[in-house]
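What the coordinates show
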Amino acid sequence: MSIKAYDLIKNKIPMIREVVFYILLTIELCVALVEKSDLHNPYESYIFRVTFLLSLIVIMLSDFNIKEWIFVVLFNVLGLCCYKITGRNDLWRYIVFALAATRIDFKRALKYTFWVNLVGCCIIALLSISGIYGKSYLYAQYREDVENEIRYTFGFGHPNGMHAMFLVLILLGIYVYNEKCNWIHYLLMSVANYVVYYFSDSRTSFLITGMAIVLGVIYRYGKETLMKWAPYVIALASFIGSLAISIWSSIATYYSWSNHTIDKIDNALNGRIKDLYWGRNSHGGYILTWSLFSTKESHEYFDMGWVRLFYWCGIIPTIIILVLFLLVIIYTWKIKDKWTALMIAMTSIYTIIEAHFISDYIGRNFLMITVGAYWCLALRLNGAKEKYFWKVLTRNDS
């Protein structure tokens with residue numbers, strides 16, 4: 001191949017990489033939206049294999065420096081080990097997706113994620129309201145202290161799932177359009193949050209969404225001196241505090257029936273603490289069921305997201321993930337990215353109680369795009385000459 005032809009192909013690689021990534025992202029977002037709806041997708045496992053391969057293709061088309069390539073290999077070794085131990089490839093899929101997002105314009109990708117979710121949610125709701133497809137409401141007992149009640153779902157399968165998607169839209173909307181948002185936009189968001197709550201009766205999502213809107217106003221109009229540190233202290237406190245509460249809950253669950261204080265806290269969380277130990281025979285979620293790298297048997301579902309992460313992935317992989325998130329928060333402080341700090345803070349608090357962001361579905365967790373963009377910078381790996389993998393293998397610097 002001539003040098004001219006090679007240079008022509010090389011110049012096309014970033015475009016090809018971006019096209020493949022957006023195909024990958026679109027598939028993951030659509031799969032996550034279908035899962036949130038009343039539709040059943042029997043081909044998920046096959047689709048996940050395709051998106052895994054697409055992630056690997058994007059990585060192979062990415063130019064990293066030597067230190068970054070070493071970490072790319074190490075992260076994949078971690079994913080492979082977890083897959084071999086547990087038989088589940090979810091963590092590995094998340095890893096390769098985040099690595100695939102490293103050389104992508106993440107702000108543009110988040111904007112695309114916002115619009116795909118918005119259009120998808122509108123389609124699901126309209127199909128349900130029009131009676132074409134999907135239940136509009138469920139009649140059941142959702143809380144121990146309340147009799148059977150009607151809560152609206154509008155095609156999302158569960159009222160909490162509906163309000164969770166609204167929270168995602170608010171967080172992404174504030175991030176993408178923070179410079180254009182004024183007090184009228186935030187007021188309209190608050191009204192919309194109450195309207196969704198009126199139908200869903202999802203208290204957790206309503207409170208976290210309201211908190212995100214309030215902080216959005218403060219971050220938009222707050223004093224510059226305050227904004228130099230407050231958003232990042234809030235993010236750190238939310239992240240560390242949510243982990244502390246979750247770990248405490250995984251211990252307290254065993255004593256939740258005999259301890260009055262724990263019982264009261266558990267009632268406020270709608271029985272989520274008790275459920276960790278007493279909700280199933282395997283006691284999945286109780287801290288003594290955690291293992292260093294998880295097990296094939298650690299596949300139970302429960303609501304508390306951070307506890308689920310420890311239980312599903314194992315203690316060591318989870319600690320690596322959490323350290324990486326911690327470094328990303330610190331990096332947002334360094335570059336004064338208060339809007340990413342806001343997203344991390346709100347998702348951290350939400351994940352104490354709900355597991356929307358800890359699931360089999362990458363399309364639910366938009367923070368993977370941000371982590372993908374920031375991990376090299378947070379680990380201070382940037383600066384050296386970047387090469388495609390075939391240049392590294394052949395030790396060719398040309």
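Let me sum up the structure you'll find in this document. (Residues numbered from 1 in each chain as written. Predicted model: local features only at pLDDT ≥ 70, side-chain atom pairs only at ≥ 80, totals over all residues. Heavy atoms only, no water.)

Some words on the environment of Leu-215
Examined against the element boundaries, Leu-215 turns out to sit in helix α8 (residues 203-221). According to the relative accessible area criterion, Leu-215 is buried, its value standing at 11%. C-alpha of Leu-215 to C-alpha of Ala-355: the two residues are 140 residues apart in sequence and 22 Å apart in space. (Helix = DSSP H or I, 4+ residues; strand = E, 2+ residues; numbered from the N terminus. Buried < 20%, exposed > 50% of the residue type's maximum accessible area, 1.4 Å probe, protein only.)

Considerations on unusual backbone geometry
Residues other than glycine seldom take positive phi values, yet Asn-270 does so here, at roughly 60°. Counting through the fold element by element, Asn-270 comes out in the loop between α11 (260-268) and α12 (272-278).

Comments concerning the packing of α8 against helix α15 (residues 338-353)
Between α8 and α15, the least distance of the axes is 10 Å, while the angle of their chain directions is 160°. The orientation of α8 relative to α15 falls into the category roughly antiparallel. Handedness of the crossing formed by α8 with α15: right-handed. Residues Thr-204, Ser-205, Ile-208, Met-211, Ala-212, Leu-215, Gly-216, Tyr-219 and Arg-220 of α8 form the contact with α15, whose own contacting residues are Lys-338, Trp-339, Leu-342, Met-346, Ile-349, Tyr-350 and Ile-353. (Axes fitted to C-alpha atoms, helices over the stretch in contact; angles between N-to-C directions. Parallel < 35°, antiparallel > 145°, perpendicular 65-115°, else oblique. Left-handed = near helix turned anticlockwise from the far one by under 90°. Contact = heavy atoms within 4.5 Å.)

A closer look at the pairing of strand β2 (residues 149-152)
Only one face of β2 is buried, namely the one carrying Glu-149 and Arg-151, since none of Ile-150 and Tyr-152 on the opposite face is buried. Bridge count for strand β1 (residues 137-140) against β2 is four bridges, and the pairing is antiparallel. Note that in β2 the partner of Ala-140 across the bridge is Glu-149. (Pairing = 2+ DSSP bridges.)

Topic: the nonpolar core
Counting residues in each nonpolar core, the largest one holds 110 residues, and the members touching the most others are Phe-21, Phe-366 and Trp-375. Once residues within four sequence positions are removed from consideration, Phe-21 is found in contact with Val-58, Phe-97, Ala-100, Ala-101, Ile-104 and Ala-109. (Core = buried A, V, L, I, M, F, W, Y, C linked by side-chain atoms within 4.5 Å.)

Some words on the pattern of salt bridges
Within the structure shown, the criterion is met by 13 salt bridges. Note that Arg-108 and Glu-18 form a salt bridge whose closest N and O atoms lie 2.3 Å from each other. Within this pair, whereas Arg-108 is found in helix α5 (residues 106-129), its partner Glu-18 is found in helix α1 (residues 3-36), the two being separated by 90 residues in sequence. Classification of Arg-108 as partly exposed rests on a relative accessible area of 48%. The closest approach of N and O atoms between Glu-28 and Arg-93, which form a salt bridge, is 3.6 Å. In this pair, Glu-28 sits in helix α1 while Arg-93 sits in helix α4 (residues 90-100), placing the two residues 65 residues apart along the sequence. Neither Glu-28 nor Arg-93 differs from the other in exposure class; each is buried. (Salt bridge = Lys/Arg side-chain N within 4 Å of Asp/Glu carboxyl O.)

Notes on α11
For α11, the capping residue at the N-terminal end is Asn-259, with a side-chain oxygen 3.0 Å from the backbone nitrogen of Thr-261. Of the residues trailing α11, Asn-270 is marked for its positive phi of about 60°. (Polar contact = N/O pair within 3.5 Å; in protein donor to acceptor, adjacent residues only side chain to side chain.)

Topic: helix α3 (residues 66-86)
Compared with an ideal rise of 1.5 Å per residue, which puts 21 residues at 30 Å, α3 spans 30 Å between its outermost C-alpha atoms and is within 8% of the ideal. All of the buried residues along α3 are Glu-68, Trp-69, Val-72, Phe-75, Asn-76, Leu-78, Gly-79, Cys-82 and Thr-86. Here α3 starts with a cap whose side-chain oxygen sits 3.1 Å from the backbone nitrogen of Lys-67, and that cap is Asn-65. A positive phi of about 80° marks Gly-87, the residue just after α3. (Expected span 1.5 Å × (residues − 1).)

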